[in-house]
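# Fold and geometry: a report
Residues per chain, in single letters:
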Amino acid sequence: MPEKRDSATEVTAAGIARLAGVGRAAVSNWRRRHADFPKPVGGTEASPSFALAEVEHWLRLHRKLAEVPLRERVWQQLAGHPDGPVTALTHAGCVLLLIHERSPVWLEVSSGSDERLAALLPEALEQVLPPRPDDGTGDARVNPSGAVNTPSAVHSTPHGRHTAPTAAPEPRAAAVRPPAAPRLLPSVPLLRGVAELAADLGARQTFEFLLGRHLDAHPRQYTLTPADLAGLMADLAGPARTVLDPACGTGALLRAVTPRPGQRLYAQESSPELAALAALRLALHTRAPVHAAAGDTLRADAHPELRADAVLCHPPFNERNWGHDELAYDPRWEYGFPARTESELAWVQHALARVRDGGTAVLLMPPAAASRRSGRRIRADLLRRGALRAVVALPAGAAPPYNIPLHLWVLRRPEQAPTHPEVLLADAGRFAGEGRGGPDWQGVREAVLDAWRAHDRDGRLDERPGLARSVPVVELLDDDVDLAPARHLPPLTAADGAGRLADVHERLGETLRLTAELTPPPVDPARSAAPGRRPLTTVGELARTGALVMRTGGNGGHARLPVLTDHDVLSGTDPSGTLPESDEEAVLTAPGDVVVPVLGGGSVARVVDRATAGAVLGRNLVLLRPDPAALDPWFLAGFLRGTANHRQASSYASTATRLDVRRLQLPRLPMDEQRRYGARFRDLDAFERALRRAGRLGEQLVRGMYDGLTDGTVAPD
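Small disclaimer: the values here were computed from a predicted structure and weren't measured.

Within the chain one finds 22 helices and 22 strands. Within the chain, buried positions represent 51% of all 717 residues. Taking all contacts inside the chain whose residues are at least 6 apart in sequence as the whole, residues at least 24 apart take part in 73%.

Have a look at this one:
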């Protein structure tokens, strides 16, 4: 195996393919046919890696890098960094914060050689890295040792150590310290590329793009809080000047908090790398002072004297090693000492211990925490003392693990004992989306926030069948103390259930009639066209000649725009997905675009209509925008769906099939002939959509009939 080179950013064959906009098979051909192709510098024999600088030089020399987007080149530099992508992302975030806060300083330190930049950058970063000035109430000053002497600092508490903050806290190391020059030197090419990308996108948007891309590339390493869920949790907590997230991850929950004058944000995360990324992300996002700490919150709380207005938390689930043996006499267990299997109830009590009297805590919880017998005594005491105010069952797909309908617990530190306590139980399961599309978040937000605000204002809520109900605490204090909302909510009325079934039945009948009308006529073998050789072209050639524009789906979304996912294209449903919220420039669909999934091996191409137009193009999708004077979109989509066409344009890995859209073929035909084919393809598409709709309505009718017969809302006759 070739010797691995130090301090060289490496890239795999798949990365080279993305850089050049080709399939992996093309990279294999280049390696075989070109003696000057760069030699592997690492990896394995089956999956070698190459020096990125050598690859870029070769691609430019052979004119194969001319159209590579800047963001793709920067991503490859980050992903192949010799010290790992997290270190690279932290270095990039530091420079982006410098550009965001003091761009002239960056221009001055970056004007010379790479060695000069690496030498000058640490001192420049000292000026902007958290801690920052506290909105005029005090300056964050760095002493010669690098320690910070201000309460507005972003702090890092050593693991296993408790230190109470005071008006003038003892010096602590900043959560993000300027890297030393030798560590920065391998990152300099990346940092220059990051600065160039920030000139196009902005510093904040660049960091969101790189962070989102990294999280998307390592989905099993991180448990993320989707932006829609984070926004709902922040809204349930209400306006707050001091907010804590004791298990902050990458800062998604604190990023969703509505800014207020004089606001302070507090965060802690057991992973030092994630704590640093969260601190940088929040520093780029807000001007509020951010107190970020690295360490195990339950064992080494960095903010033991804090009494926040609100706590938002997505704690780790089902942890056995959460500190049960060491923390038996911890003063936070006001409602009972949690069992070893009840780590989530330890987080609940930690949150209540960190809010002021009357403050609100919102936690994402596994559904088992509402009913496990080992936690019933703590749940009972939370109810008796008025601390637990609401349990909301979310639809499946709201957050990982996506197959489980998670719960939100809304708690409030009691100011006084309640007179007639009631707790809100709500179930938003009716807003679940189809397949992998995710829930109807607008419906979830409206239903949950309306029920919570009415309950919080009046202390009770009139029954909303199938959705929400205020339950007197005394009704829940039985042997089980089961708080699962579905077990306490009134079912839909018989009239509502029968009415819905009648509506589904009527729509199914209309769809079946339409399906019969759209059924293609039988094919007459005597009139079948004889197979012949037609002149062909490829999507890649059409893109080069300007007959169409090709775009790929991104990794960032927008809160107010739906995302067209690969599942939506495959199933023929409306845009239903979400992406990590980002200011990255999104690819928006327009009428007449043709969208093709690149994973899965299915022969599918979808023409965007006016109802789908304006959605964000999701991951694993390629958009083709034909020139109307040169290509009919339905003609293009129809020929792209040919099974043989997909076979010859697909490459195969051990577990997946990937489509190289550039290699898909279609015949060269005049516009009149294109429109003839296009009209027939359009009719087939309408027939296919009618069949799918009939299938979905049939499933709804069958499921509704089973439910109605078993719960008594439908009579057997």
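Now, onward.
It is worth spelling out the environment of serine 371 at this point. Among the secondary structure elements, serine 371 is positioned in the loop between β8 (355-365) and α14 (376-384). In this structure the C-alpha to C-alpha distance between serine 371 and valine 481, which are 110 residues apart in sequence, comes to 6.9 Å. If we ignore the near neighbours within four places in the chain, the residues touching serine 371 are Arg379, Asp482 and Arg487.

With that settled, the discussion passes to helix α20 (residues 633-640). The buried fraction of α20 is high, at eight of eight residues. Three or more residues of α20 are buried, namely Pro633, Trp634, Phe635, Leu636, Ala637, Gly638, Phe639 and Leu640. Two or three places before tryptophan 634, at the start of α20, stands the capping residue aspartate 632, its side-chain oxygen 3.1 Å from that residue's backbone nitrogen.

Taking strand neighbours across the sheet as the criterion, the three strands line up as β1-β3-β2 in an open arrangement whose pairing is antiparallel. Each edge of the open sheet carries a strand with a single partner, namely β1 (10-12) and β2 (42-43).

It is worth spelling out the pattern of salt bridges at this point. Pairing between side chains of opposite charge can happen when the charged atoms of each approach one another. Applying the stated criterion to the full structure yields 36 salt bridges. Note that arginine 412 and aspartate 456 form a salt bridge whose closest N and O atoms lie 2.7 Å from each other. With a gap of 44 residues between them, arginine 412 in strand β10 (residues 407-412) and aspartate 456 in helix α15 (residues 441-458) connect regions that are remote in the sequence. Overall, the relative accessible area of 18% leaves arginine 412 in the buried class. Two residues, aspartate 593 and arginine 625, come together in a salt bridge whose shortest N-O distance is 2.8 Å. Residue aspartate 593 is located in the loop between α19 (566-571) and β16 (594-597), and its partner arginine 625 is located in strand β19 (residues 621-626); the two are separated by 32 residues in the primary sequence. When salt bridges that share partners are traced, they join Glu334, Asp357, Asp381, Arg385 and Arg413 into one network.

Now for the nonpolar core. In this structure, Trp106, Leu121, Leu232, Leu236, Leu312 and Leu408 are the most contacted members of the largest nonpolar core, which totals 93 residues. Excluding anything up to four places from it in sequence, leucine 408 contacts Leu229, Leu232, Met233, Leu236, Val362, Leu363, Leu364, Ala390, Val391, Val392 and Leu394.

Turning next to the packing of α20 against helix α22 (residues 671-711). Axis angle and axis distance: for two packed helices, these are the angle between their axes and the distance between the axes, and together they describe the pair. Interhelical geometry of α20 versus α22 gives an angle of 65° and a closest axis separation of 7 Å. The angle between α20 and α22 falls in the class roughly perpendicular. The crossing of α20 and α22 is left-handed. Only Gln674, Tyr677, Gly678, Phe681, Arg682 and Asp685 of α22 make contact with α20, whose side of the interface consists of Trp634, Phe635, Gly638 and Phe639. Across the contact of α20 with α22, the residue classes break down as five nonpolar, three polar and two charged.

Relative to the helices and strands, valine 714 is located in the segment after α22. Of the residues examined, valine 714 reaches a relative accessible area of 16% and is grouped as buried. Valine 714 sits ten residues away from glycine 704 along the chain, and the two C-alpha atoms are 9.4 Å apart. Residues in contact with valine 714, not counting those within four places in the same chain, are Leu501, Met705, Gly708 and Leu709.

Turning our eyes to something else, we now look at the packing of helix α5 (residues 85-109) against helix α9 (residues 203-217). Where α5 contacts α9, the axes come no closer than 9 Å and their chain directions differ by 170°. As summarised for this structure, α5 and α9 are arranged roughly antiparallel, according to the angle between their axes. Two secondary-structure elements touch here, α5 through Pro85, Val86, Leu89, Ala92, Gly93, Leu96 and His100 and α9 through Ala203, Arg204, Thr206, Phe207, Leu210, Leu211 and His214. The residue inventory of the contact of α5 with α9, partitioned by class, reads nine nonpolar, four polar and one charged.

Glancing now at the environment of asparagine 620. Looking at the element boundaries, asparagine 620 is found in the loop between β18 (616-617) and β19. Judged by its relative accessible area of 32%, asparagine 620 falls in the partly exposed class. Note: C-alpha distance between asparagine 620 and valine 598 (22 residues apart in sequence) is 5.6 Å. Among all residues touching asparagine 620, those that are not within four sequence positions of it are Asp566, Val596, Pro597, Val598 and Leu599.

So, on to the sheet that holds β8. Across the sheet, nine strands lie side by side as β6-β5-β4-β7-β8-β10-β9-β11-β12; this open sheet has mixed pairing. The two strands at the open ends of the sheet, each matched to only one other strand, are β6 (290-294) and β12 (468-472). When strand polarity is set aside, the average angle formed by the axes of neighbouring strands in this sheet is 15°. Note that strand β9 (residues 388-393) and β10 share five bridges and pair antiparallel. Bridged to leucine 388 within β10 is leucine 411. Along the sheet face, helix α10 (residues 227-237) touches β7 (308-313), β8 and β10 and points at about 155° away from the line of β8. Across the sheet, helix α13 (residues 343-353) is in contact with β7, β8 and β10; its angle to β8 comes to roughly 155°.

Most of β6 sits inside the fold, with five of its five residues counted as buried. Side chains of β6 alternate between two faces, with Val290, Ala292 and Ala294 and His291 and Ala293 buried alike. As a crossover connection, the stretch from strand β5 (residues 264-269) through helix α12 (residues 272-285) into β6 is right-handed.

Moving on: the side chain of histidine 324. Here histidine 324 shows up in the loop between β7 and α13. For histidine 324, a relative accessible area of 17% gives the class buried. A distance of 3.3 Å separates the side chain of histidine 324 from the side chain of aspartate 325, its partner in a polar contact. When neighbours within four sequence positions are excluded, histidine 324 is seen to be in contact with Phe337, Pro338, Ala339 and Arg340.

The rules behind each value
Throughout this document, residue positions are counted from 1 along each chain, in the order its sequence is written. Where local features are concerned, this predicted model is filtered to residues with pLDDT of at least 70; where side-chain atom pairs are given and counted, the filter is 80 or more; whole-chain, interface and lining totals use all residues. Remark: hydrogens and water are excluded; side-chain values derive from all non-hydrogen atoms of the structure. The helix count covers DSSP runs of H or I at least four residues long, the strand count covers runs of E at least two residues long, and both are numbered beginning at the N terminus. Throughout, exposure labels follow a simple rule: accessible area from a 1.4 Å probe, protein chains only, divided by the maximum for the residue type, with under 20% read as buried, over 50% as exposed, and the rest as partly exposed. In this description, contact between two residues means that some pair of their heavy atoms is separated by no more than 4.5 Å. Polar contacts, as used here, are pairs of N or O atoms within 3.5 Å; protein pairs need one atom able to donate a hydrogen and one able to accept it. Residues neighboring in sequence count only if both atoms are side-chain atoms. The pairing criterion for strands is at least two bridges between them, as found by DSSP. Salt bridge, as applied in this entry: a Lys or Arg side-chain nitrogen positioned within 4 Å of an Asp or Glu carboxyl oxygen. Grouping buried Ala, Val, Leu, Ile, Met, Phe, Trp, Tyr and Cys residues that are joined through side-chain atoms within 4.5 Å yields what is termed a nonpolar core. Note on geometry: axes are lines fitted to C-alpha atoms, helical ones only across the stretch in contact, with angles between N-to-C directions running from 0 to 180 degrees. Note on terminology: angles under 35 degrees are roughly parallel, angles over 145 are roughly antiparallel, angles of 65 to 115 are roughly perpendicular, and the others are oblique. By convention, the crossing between two helices is left-handed when the near helix turns anticlockwise from the far helix through less than a right angle, and right-handed when the turn is clockwise. Under the scheme applied here, ten amino acids are nonpolar (Ala, Val, Leu, Ile, Met, Phe, Trp, Tyr, Cys and Pro), four are charged (Asp, Glu, Lys and Arg), and all others, including Gly, are polar. If you view a crossover with the strands going away from you and the path from the first strand over the helix to the second runs clockwise, you call it right-handed.

In short, geometric facts, not functional conclusions.
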